[in-house]
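# An overview of the molecular structure
So you can see what is in the structure, the chains are spelled out below.
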Amino acid sequence: GESVGLHLPTLSVQEGDNSIINCAYSNSASDYFIWYKQESGKGPQFIIDIRSNMDKRQGQRVTVLLNKTVKHLSLQIAATQPGDSAVYFCAEKTGNAGNMLTFGGGTRLMVKP
Amino acid sequence: EAGVAQSPRYKIIEKRQSVAFWCNPISGHATLYWYQQILGQGPKLLIQFQNNGVVDDSQLPKDRFSAERLKGVDSTLKIQPAKLEDSAVYLCASSPTRSTDTQYFGPGTRLTVL
């Protein structure tokens, strides 16, 4: 299908290297953050989340870091694989806004074999 | 467990025509969301349902967009009449409850308005 993010910032990495994708969020009152992966022609897929009372959370090959001082979120992918190629979005939720997620603009990750 | 189902997957219409999209959430999920994703951007929430009631529709262009979830299960999003700028992917997501953070997305419907 047609690519999701033709005009997105792109990060190109070699297979096996580590990837770091960054996101600046807007609302200092946001208390929950999620990273989604979106492959071409598919809906966003949950990767990992973190609450505002934490500054780091690890999953399988992925780590999310939260710096509330500068309102910055990052996603680290260890030993990047070709299957990691996709567009990655961060999203934030503010506690008094129901379950409304606000998505960032996304970053395209391209993994070179 | 079956995921969120959406149909059709693709739709091409002329401007000023009407179109409807269908979503069936994950079984048992009370909360359903419709998002619009314009090419190159992140999804933007249009409307949120809790069972058959609307929780938030503040970003739904109500002059042309409407949505319903009459029986609290599947949902329909309609655009009437469509404009060129409505060309986008329309994503449906669901979560078990309104307070559950993780939302599970369907594959989306790609709409092209000519």
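A few points on the structure. (Residues numbered from 1 in each chain as written. Chains lettered and ligands numbered in written order. Predicted model: local features only at pLDDT ≥ 70, side-chain atom pairs only at ≥ 80, totals over all residues. Heavy atoms only, no water.)

### Here we look at the interface of chain B and chain A
Contacts between the two partners involve 26 residues from chain B, matched on the other side by 27 residues from chain A. In total, chain B and chain A occlude about 1,900 Å² of area from one another, counting both sides; carbon and sulfur atoms represent 50% of this. Across the contact surface, chain B and chain A share 0 salt bridges. For the side of chain B that touches chain A, the secondary structure elements donating two or more residues are β4 (31–37), β5 (44–50) and β9 (88–95) of chain B. Taken together, the residues of the side of chain B that touches chain A sort by class into 9 nonpolar, 12 polar and 5 charged. (Contact = heavy atoms within 4.5 Å. Buried area = accessible area lost by both parts, 1.4 Å probe. Salt bridge = Lys/Arg side-chain N within 4 Å of Asp/Glu carboxyl O. Helix = DSSP H or I, 4+ residues; strand = E, 2+ residues; numbered from the N terminus. Nonpolar A, V, L, I, M, F, W, Y, C, P; charged D, E, K, R; others polar.)

### Let's talk about the nonpolar core
Formed by 21 residues in total, the largest nonpolar core has its most connected members in F21, W34, L77, I79, Y90 and L111 of chain B. Only β3 (19–24), β4, β5, β8 (75–79), β9 and β11 (109–113) of chain B provide two or more residues apiece to this core. Listed in part, the 19 residues of the second largest apolar core include I21, C23, V62 and L73 of chain A. (Core = buried A, V, L, I, M, F, W, Y, C linked by side-chain atoms within 4.5 Å. Buried < 20%, exposed > 50% of the residue type's maximum accessible area, 1.4 Å probe, protein only.)

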